[in-house]
Structure formats: C-alpha cells, structure tokens
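Residue strings, one per chain:
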Amino acid sequence: MMRSRSEDLFETAEKLLPGGVNSPVRAFRSVGGIPRFIDRASGSRIFDVDGREYIDYVGSWGPMILGHAHPQVQEAIRKAVERGTSYGAPTVQEIALAKTIIDAFPSIEKIRMVSSGTEAAMSAIRLARGYTGREKILKFEGCYHGHADSLLVKAGSGIATLGIPGSPGVPACLAELTITLPYNSTEAFRAALDRHGKELACVIVEPVAGNMGVVEPAPGFLETLRELTRQHGIVLIFDEVITGFRLAFGGFQNLCGIEPDLTCLGKIIGGGLPVGAFGGSQAIMDCLAPAGPVYQAGTLSGNPLAMAAGLATLEILGSRRDDYAALNHRTEELCNAIQRLFGAADIPLRINRAGSLFTLFFSDHDVVNYETASSSNADRYAVFFRGMLERGIYLAPSAFEAAFVSFAHSDEDLEKTLQACAETIETMKGGL
Ligand SMILES: *Cc1c(COP(=O)(O)O)cnc(C)c1O
C-alpha cells in the first residue's frame with residue numbers, strides 16, 4: 001500500500017521533535033496509528049495533507065466553539081496584522097477584551113492576560129500563595145491545570161493516556177506542597193481541611209472536569225468547596241480554561257451561582273490564538289506587580305493579534321448568547337442517539353455530557369471521578385476511535401478527553417457522525 005504523506009511527515013517529525021509532536025495529547029500512541037498532519041480547517045471540518053476531510057470533534061482542544069476559520073474572526077486577525085504584531089506596550093484591544101470578560105463574570109473585577117492556560121493557572125496559584133502567605137495547595141485527581149510543577153500531580157488525561165506514573169522532573173519538595181483528593185468527594189475534602197485548612201493557600205478545581213473526560217460536579221460538591229475555603233481563608237480558584245464561554249456566555253460559575261475568588265481562562269477567549277487569563281476580586285488581583293509584590297510578566301501578554309481574535313470571538317458569542325441552549329440540546333440529542341446505538345449492540349457505554357462537551361466511556365458503571373474514569377475500557381475506545389477516523393470523524397486520540405461540538409456543526413454533520421458510529425459499531429460486535 002502507498003504510504004500517506006502523514007506517514008512520511010511523521011517519520012521526519014519523530015527525528016526532529018520528541019515523539020514527533022509538540023504536545024503529547026496529539027500523539028496517537030494510545031489509539032494506534034500515526035497522527036494526521038492537518039493542512040487547513042474550515043467550519044466543522046479539518047483537512048489533512050493527504051486530502052482527507054474530517055468532521056472535527058477536537059476543535060483544537062476547546063477554543064474553536066465557532067468552528068474553524070470563522071470569517072469575522074479571520075477578518076479581525078487580518079486587520080490586526082496590518083498594524084503590526086506585537087508592541088510590548090498597552091493597547092486599546094486588551095482593555096476591550098478585559099471589559100468583555102469582566103462584564104461576563106460577576107466574580108472578576110480585575111484580570112491579567114497571559115499567553116496560555118498553563119501560565120494562567122501557574123500565576124493564579126503564585127498569587128494565592130502571595131496573598132495568603134501560605135504554601136500548600138489542594139487540587140483534585142484527574143483535573144488538569146496546565147503543566148506547572150506544583151500542578152502536575154495526578155493531572156488527568158495527557159498523563160493518564162501515556163501511563164506516566166508520577167511527574168519526573170517535578171521536585172519532590174514542590175510536589176509535597178500539593179495535596180490531591182478524589183474529585184466529587186465532599187467527605188475527603190472536609191477531612192483534608194480539618195487537617196490542613198490553615199496551611200492552604202488555594203484550592204483549585206475544574207468546576208466541570210474536562211481532562212479525565214467530562215465529569216460533572218456532584219450536587220453540593222462545589223458548594224462545600226466554597227463554604228469551607230471561605231471559613232479557612234483559602235483562595236478558591238475555578239479553572240474555567242475549558243468551560244469559560246463553552247457552556248454559556250460567561251463561565252460555569254454563572255450557571256451554578258458559586259463565585260470563586262480567582263478564575264483561570266484560556267482556549268475560547270483567545271479565539272484560536274495563544275491566550276490565557278486569570279482574574280478575580282480587586283483585593284487579590286492588586287497583589288500582582290506592578291500594583292503589588294507578586295511578580296508575573298510576559299513579553300507577548302495581551303498580544304494584539306490574540307486580543308483581536310478573542311474579542312471577535314466573544315463579540316459573536318455575545319450576540320448569540322441565546323443560542324447556547326440550542327447547541328447544548330443538539331449535543332444532547334447526538335449523545336442520546338449514540339447511547340441508543342451502543343445499547344442496541346449490547347456494548348456497555350456511559351456518556352457524560354455537559355453542554356456541548358461529552359465523553360464516551362466504555363464502562364458499565366457511572367463515571368464520577370478519576371478512579372471510575374480510568375477503569376473504563378481504553379482498548380475498546382481505541383477500536384472505536386480508529387473506526388470513526390476511517391469514516392471521516394475526528395475524535396480525540398485518547399479515551400480520557402472531551403469531544404467538542406461547535407456552532408459550525410450542522411445537522412448533516414451530526415447525521416454523518418451517527419452513520420459512522422453505526423457502521424463502526426457493526427465492526428466492533430463480536431470482535432472484543
Ligand atoms: C487546556 C487547559 C489548561 C492549560 O491550557 P494551555 O493553554 O494548554 O496551557 C489548563 N486548565 C484546563 C482546565 C485546561 O483544559
């Protein structure tokens with residue numbers, strides 16, 4: 001059989017880049033085969049260098065809620081490019097994006113722009129440590145907050161997919177300052193705060209987990225986090241890098257009515273360009289340099305191209321804020337139909353969904369935390385993944401990720417996805 005261009009390119013890439021990729025989640029190690037090299041993208045579709053077309057459910061891992069290459073976003077970037085690409089000085093655009101985000105998030109009074117979600121979470125915990133004068137932090141197993149040392153402990157999908165046990169390269173003395181608890185366990189959290197409450201600078205959580213696959217917060221879980229962190233003077237950080245502007249205009253906090261002290265953002269607010277941000281009350285944010293003593297800086301922070309892309313994206317989402325319900329409903333119907341197909345084939349499947357995010361867990365038990373997520377059948381997912389890919393449906397190359405539906409996915413796209421799903425299931429029957 002003739003080799004594909006992706007195969008040739010990957011062979012070259014493996015010589016030049018560790019594992020052939022610039023981010024581990026892009027590798028196909030857990031699902032088999034080699035990554036497709038993408039040539040271009042438009043709307044719900046991505047096109048690889050071999051001319052194959054796919055309906056895309058990765059969406060660059062979250063940012064592309066409007067679909068790829070949205071004309072208004074492209075135009076905003078084009079206009080920005082003409083005025084130069086970076087100045088290292090304040091601009092009008094960064095104020096406009098800050099104001100849009102602050103208006104959408106009741107808990108945010110001031111915000112700082114950075115260049116990635118990793119940087120946002122890393123800086124937010126430094127700020128929490130500086131503000132409280134405490135060193136320990138608490139996170140939940142399976143939640144990912146970027147790859148800063150203190151946060152790379154039991155950090156979900158990328159690591160789970162590769163089966164890396166701990167986090168080599170992270171000094172033990174730093175890892176020791178990070179307490180991890182099972183997601184959704186209110187009792188474990190209470191017990192931990194009884195012991196460590198006075199030493200904790202912050203509790204950081206994905207209010208809807210997206211990095212062990214989608215896992216929704218159990219009733220009362222986030223409420224308990226809010227109540228007990230307040231009692232102990234601990235900064236509560238919601239990492240809404242995925243959920244920000246994904247489930248509704250604003251964050252999951254707008255939906256659940258719980259206000260964190262700090263919020264981390266990224267992905268959608270950059271409209272497909274590299275952006276992160278963190279924000280919260282003025283009292284905490286003003287501890288940041290140059291207003292306060294906690295240092296944080298960035299050559300490309302608030303980059304004008306990224307601000308333009310983010311602003312155009314949020315303007316469109318703002319004008320369509322009533323359309324989120326329809327997007328979420330269409331995703332629900334897709335999930336229901338997939339569930340029925342697997343039900344009819346007697347293949348155990350649990351679908352977790354939040355808004356336009358969903359994960360298929362090949363499991364016969366509910367998935368409520370990292371332990372239950374990681375005991376789902378990843379080999380079966382790999383078979384499903386390959387069947388879907390062959391049929392032009394591009395899912396995440398890992399069993400522990402969210403699928404992202406965008407406003408650009410048409411009814412026809414969803415129909416085709418179901419058709420591919422039905423065909424793939426036929427090939428799975430009896431085979432396992
Ligand atoms: C993607 C993600 C991050 C990291 O963002 P990067 O831009 O990849 O550094 C942090 N937190 C959550 C919840 C994410 O999903």
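Residues numbered from 1 in each chain as written. Predicted model: local features only at pLDDT ≥ 70, side-chain atom pairs only at ≥ 80, totals over all residues. Heavy atoms only, no water.

Quick look at the overall build of the protein now. Within the protein, the secondary structure is distributed over 15 helices and 14 strands. Over its C-alpha trace the protein gives a radius of gyration of 21 Å, about what one expects of a compact globule, namely 22 Å for 432 residues. Dimensions of the protein, computed from the C-alpha atoms along their principal axes, are close to 60 × 55 × 45 Å. Expressed as a percentage of its 432 residues, the buried residues of the protein come to 56%. (Helix = DSSP H or I, 4+ residues; strand = E, 2+ residues; numbered from the N terminus. Rg over C-alpha atoms; globule rule 2.2 N^0.38 Å. Buried < 20%, exposed > 50% of the residue type's maximum accessible area, 1.4 Å probe, protein only.)

Moving on, we get to the domain arrangement of the protein. Per the domain assignment, the segments of the protein are domain 1 (5-69 + 322-429) and domain 2 (71-319). Taking only C-alpha atoms, the centre of domain 1 and the centre of domain 2 are 25 Å apart. Each partner contributes residues to the interface: domain 1 has 34 residues there, and domain 2 has 34 residues. Contact with domain 2 buries surface across domain 1, with L66, Y324 and Y370 losing the most and accounting together for 24% of the total. Across the domain 1-domain 2 interface, the total number found is zero salt bridges. Where domain 1 touches domain 2, the interface holds nine residue pairs in polar contact (both at pLDDT 80 or more). (Domains from an automatic or database assignment. Contact = heavy atoms within 4.5 Å. Buried area = accessible area lost by both parts, 1.4 Å probe. Salt bridge = Lys/Arg side-chain N within 4 Å of Asp/Glu carboxyl O. Polar contact = N/O pair within 3.5 Å; in protein donor to acceptor, adjacent residues only side chain to side chain.)

A separate point is the site of the ligand. Residues in close proximity to the ligand include S116, G117, T118, Y144, H145, G146, E206, N211, D239, V241, I242 and K267, which together make up its full environment. Taking D239, its side chain carries an N or O atom lying 2.7 Å from a nitrogen atom of the ligand. For the ligand, the accessible surface in isolation is 380 Å², of which the surrounding protein chains cover 82%. Its residues assigned to classes, the shell around the ligand shows three nonpolar, six polar and three charged. (Near = heavy atom within 4 Å. Areas by Shrake-Rupley, 256 points an atom, 1.4 Å probe, with all protein chains shown as cover. Nonpolar A, V, L, I, M, F, W, Y, C, P; charged D, E, K, R; others polar.)

Bringing the packing of helix α14 (residues 378-390) against helix α15 (residues 411-428) into the picture now. Interhelical geometry of α14 versus α15 gives an angle of 130° and a closest axis separation of 9 Å. Classified by the angle their axes make, α14 and α15 are oblique. Between α14 and α15 lies a crossing whose hand is right-handed. Facing R380, V383, F384, G387 and M388 of α14, the residues of α15 in contact are T417, A420, C421, T424 and M428. Its residues assigned to classes, the contact of α14 with α15 shows six nonpolar, three polar and one charged. (Axes fitted to C-alpha atoms, helices over the stretch in contact; angles between N-to-C directions. Parallel < 35°, antiparallel > 145°, perpendicular 65-115°, else oblique. Left-handed = near helix turned anticlockwise from the far one by under 90°.)

By the definition in use, this model includes 15 aromatic pairs. Between F140 and F189 the ring centres are 6.2 Å apart and the planes differ by 40°, which places this aromatic pair in the tilted class. On the criterion of sequence distance, the pair formed by F140 in strand β5 (residues 136-140) and F189 in helix α7 (residues 186-196) is long-range, its members being 49 residues apart. Comparing F140 with F189, the two get one shared label, buried. Seen in terms of ring centroids, F140 and F221 are 5.2 Å apart; in terms of plane orientation they differ by 75°. Their pairing is edge-to-face. A residue pair is termed long-range when its members are at least 10 positions apart, and F140 in strand β5 and F221 in helix α8 (residues 221-232) qualify at 81 residues. No difference in accessibility class separates F140 from F221, as the two residues are buried. Feature note: the residues F28, F342, F362, Y381, F384 and F385 constitute an aromatic cluster, connected by ring pairs. (Phe/Tyr/Trp six-rings, centres within 6.5 Å; stacked < 30°, edge-to-face > 60°.)

Pairing is antiparallel in the open sheet, where three strands are placed in the order β11-β12-β14. The sheet terminates laterally at β11 (350-354) and β14 (403-404), the two strands that pair on one side only. The pairing of β11 with strand β12 (residues 357-361) spans five bridges and is antiparallel. Directly across from N352, in β12, lies its bridge partner T359. (Pairing = 2+ DSSP bridges.)

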